[in-house]
Amino acid sequence: MFRSLFTAFLLFAYLFATAQRIDSLPFSLNRGLLTIKGSINQVDVDFILDTGAGISVTTHAINAKANVKTLRKKMSIRDANNSTQKLEQIKIRQVKVGSFEVTDLETVTFDMPYMDCHELLLLGQDFMQRFNWKFDFENQMVYISDKPFQVAEDMMQWDINFVKKRPFITYDFGNKKENCLIDFGYRGYFDINASFSGIDSAYKVKEKEGKVIPYSAMVMGLATTKKEQPIHNILVDSMSFSNQPVYNIPVSVSNYKGAKIGLQFFTSFFSHLIINNSERKYYYRKRVKLDYAQQALDAGFSWEDGKLIVSDLNTGTKSSAGNLKIGEEIKAIDGRSAADFGSFCNVLTWRFGYTKPDLWIEKMDGTKVLIRRQSVLDFVRW
C-alpha cells in the first residue's frame, strides 16, 4: 500500500510540474497601440506590447516612481526610423504581468513623447520571448503561458526568423520574396520601402487609376522624430505571407528601410494569433469578415512652442484639408485653443484618443474647416 501511495504521489508531482500555467488579461487599443496592465518593482504600470522592439524601454518618470536602478552605461538601439542612438541602461528588479515575472531585466530608458505622455512602459522581445502568447482580437483578451499553446486544426502557421531578437516573416509580392518585421509597435497595416521593386508596378497601376492617397506625416521612432516624411497609401489586391495569401491589404509606401507588418493588420484580418516563442512559430485564425481599423484624419496636429501646429496632412486633391499646410499655426482644434490644451502631452493624448469621423478646426484668420477621416474604402474609390 505504501508503494502505491508513493507511486500516486510521484504521478501527482509529475503532473503538477508539467501542468501548463495560463493567465488571461484584457488588453486595450484605446491609445493606438496594444496595452495591458502589470507592474515593475511592485508598482502598477501600463505596458505597450511591442513585438518589433528587441528590448524593453522605460521613461525617467516611471524609473523614479518605481525606484529603477541606473547602470551608468549606454546601449545602442535602432528605432522605427532606422536611426541609431545610445540610450541609458537600467536594471528593473521585477517585471510582472499577471503571475508571470522576470527579474533583473537590463534594458534602456528614453523619454519617447508617446510613452512619457501616456505614462507607458514598453515591453519588447527581451520580455516577450520568455513566454508564449495568445491574442483574441475579437474580445480583446491576451493569454500568457509558460508552455506552447495548443493549436486548433483550422489555424494557419507562420515560420518566424528572429534577427537580433526581432521576429521576421517572408512576404511575397510581385514574385519576389523579402523579409518583413512583425511590429505591434507600428499602428498601420503594412509599410514597405518605395524602392522595393515588387511594389513598383502595383503602385504605378494604382497611381494611373487615381487610387493613391498621398500623405505627409510625422513618424515617431523611439529615439527620433522625422517630419514631413512622404507616405503614399494604396490598397494591394493580394500578397502572401509565409506562402499564405491575404487580400485587399492597405499598404503604405514610404522611406522606411525595409518592410513591417503592423498592429492594424492583425486586428483587422485575424480573430486570433498564437505566438509560441518556444517553437519559433506563429499561428493565426482569419476573421470571417474583415474589420478594418479606423484610419487617420486628413490632418494631424501637434504642439510647438505654445502653438497648435499642423504636423500631418493628406495632400491628395480630394483631401478635406487641402487649404492647410505643414507647419501652419492653427487657432483652435475642436473648439479648444492652444491655451486650452496647455501642453504638448495634452495635445498628443487628445489626438490618439479622438475617434469621431470628422473634426472642426479654426485657422488663424477665423476660417473654419471640417477635417474628415479616411476610410479604407477611399483606397478603392480614389
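What you see is a predicted model; the values in this text were computed from it and never measured. Numbers given to residues run from 1 along each chain, matching the order in which its sequence is written. In keeping with the model being predicted, local features are shown solely for residues with a pLDDT of at least 70 and side-chain atom pairs are shown and tallied solely at 80 or more, while totals for entire chains, interfaces and linings include all residues. Processing note: side-chain calculations cover all non-hydrogen atoms of the structure and skip hydrogens and water entirely.

**Some details on the overall build of the protein chain**
If you tally the helices and strands in the protein chain, you get 9 helices and 27 strands. Expressed as a percentage of the 382 residues in the protein chain, the buried residues total 52%. Should any heavy atoms of two residues lie within 4.5 Å, those residues are counted as being in contact. Sequence separation of 24 or more characterises 64% of the internal contacts of the protein chain that already satisfy a separation of 6 or more. Note on areas: Shrake-Rupley with a 1.4 Å probe; residue coverage comes only from the protein chains shown. Taken as a whole, the protein chain presents about 18,600 Å² of accessible surface, with 50% of it coming from carbon and sulfur. In DSSP terms, a helix is any run of H or I states spanning at least four residues, a strand is any run of E spanning at least two, and both are numbered starting from the N terminus. Relative accessible area decides the class of each residue, using a 1.4 Å probe on protein chains only: under 20% of the type maximum gives buried, over 50% gives exposed, and in between gives partly exposed.

**Focus: the pattern of salt bridges**
When a carboxyl oxygen of Asp or Glu lies within 4 Å of a side-chain nitrogen of Lys or Arg, that pair is called a salt bridge. For the structure on display, the rule yields 12 salt bridges. Among the ionic pairs, Glu-106 bridges to Lys-91, the shortest N-O distance being 3.9 Å. Here Lys-91 lies in strand β6 (residues 84–97) and Glu-106 lies in strand β7 (residues 100–109), a separation of 15 residues in the sequence. Its relative accessible area of 37% is what places Glu-106 among the partly exposed residues. Taken together, the shared-partner salt bridges in this structure form one network comprising Arg-31, Lys-37 and Asp-46.

**Quick word on the sheet that holds strand β1 (residues 22–26)**
Two strands are counted as paired when DSSP detects at least two bridges linking them. The 6 strands lie next to each other as β1-β10-β9-β20-β21-β11, forming an open sheet whose pairing is antiparallel. Taken across any chain shown, the strands that pair with only one partner, and hence form the sheet edges, are β1 and β11 (156–159). The average undirected angle you get between the axes of adjacent strands in this sheet is 20 degrees. Sheet topology places β1 next to strand β10 (residues 141–145); 5 bridges connect them, and they run antiparallel. Bridge pairing in β10 links Leu-25 to Val-142. A fitted line through C-alpha atoms serves as each axis, taken over the contacting stretch for helices, and the angle formed by two N-to-C directions is quoted from 0 to 180°.

**Digging into the confidence of the model for the protein chain**
Each residue carries a pLDDT score, the predictor's confidence in it, ranging from 0 to 100. This prediction gives the protein chain a mean pLDDT of 88; 88% of its residues lie at or above 70. When the criterion is pLDDT under 50, residues 8–17 qualifies, and its contacts beyond four places in sequence or with other chains add up to 1 contact.

**Thoughts on the state of the cysteines**
Count a disulfide wherever a pair of cysteine sulfur atoms falls within 2.5 Å. All chains considered together, the criterion is met by 1 disulfide. Two residues, Cys-117 and Cys-345, share a disulfide whose sulfurs are 2.0 Å apart. Residues Cys-117 and Cys-345 are joined by a disulfide whose S-S torsion is about -75 degrees; by sign, that bridge is left-handed. Here Cys-345 lies in helix α8 (residues 344–353) and Cys-117 lies in helix α3 (residues 113–118), a separation of 228 residues in the sequence. For Cys-117, a relative accessible area of 12% puts it in the buried group. A relative accessible area of 30% means that Cys-345 is categorised as partly exposed.

**Details of the side chain of Ser-252**
One can find Ser-252 in strand β18 (residues 244–254). Between N or O atoms, a polar contact is any pair within 3.5 Å; within protein, one atom must be a potential hydrogen donor and the other a potential acceptor, and residues adjacent in sequence are included only when both atoms are from side chains. Here Asn-233 takes part through its side chain, which lies 2.9 Å from a polar atom of the side chain of Ser-252. Apart from the residues lying within four places of it in its own chain, the contact partners of Ser-252 are Tyr-186, Phe-190, Asp-191, Ile-192, Ile-231, His-232 and Asn-233.

**Some details on the environment of Asp-298**
Note on placement: Asp-298 falls in the loop between β21 (281–286) and β22 (299–304). Sequence separation between Asp-298 and Ile-371 is 73 residues, and the spatial gap between their C-alpha atoms is 6.1 Å. Not counting residues within four places of it along the chain, the set of residues in contact with Asp-298 comprises Tyr-215, Asp-312, Leu-313, Asn-314, Ser-319, Ser-320, Ala-321, Ile-371, Arg-372 and Gln-374. Only 2.7 Å separates the side chain of Asp-298 from the side chain of Ser-320, close enough to count as a polar contact.

**With respect to the nonpolar core**
To define a nonpolar core, start from buried Ala, Val, Leu, Ile, Met, Phe, Trp, Tyr and Cys residues and group those joined through side-chain atoms within 4.5 Å. Judged by nonpolar contacts, the single largest core of 67 residues is most densely connected at Phe-135, Trp-158, Phe-190, Phe-241 and Phe-265. With 5 residues, strand β17 (residues 225–241) is the largest single contributor of residues to this core. Grouped together as the second largest cluster of nonpolar side chains are 20 residues, Leu-297, Ala-338, Phe-341 and Ile-371 included.

**Examining the pairing of strand β9 (residues 132–136)**
Across the 5 residues that make up β9, a large majority, 4, are buried. Where β9 lies against β10, 5 bridges are found, and the strand directions are antiparallel. Pairing of Lys-134 across the sheet is with Tyr-143, part of β10. As consecutive antiparallel partners, β9 and β10 are separated by 4 residues, and within that stretch Gln-140 has a phi angle of approximately 50 degrees, a positive value. Examined bridge by bridge, β9 and strand β20 (residues 270–276) share 4 bridges and lie antiparallel to one another. In the sheet register, Trp-133 faces β20, and the bridge partner there is Ile-275.

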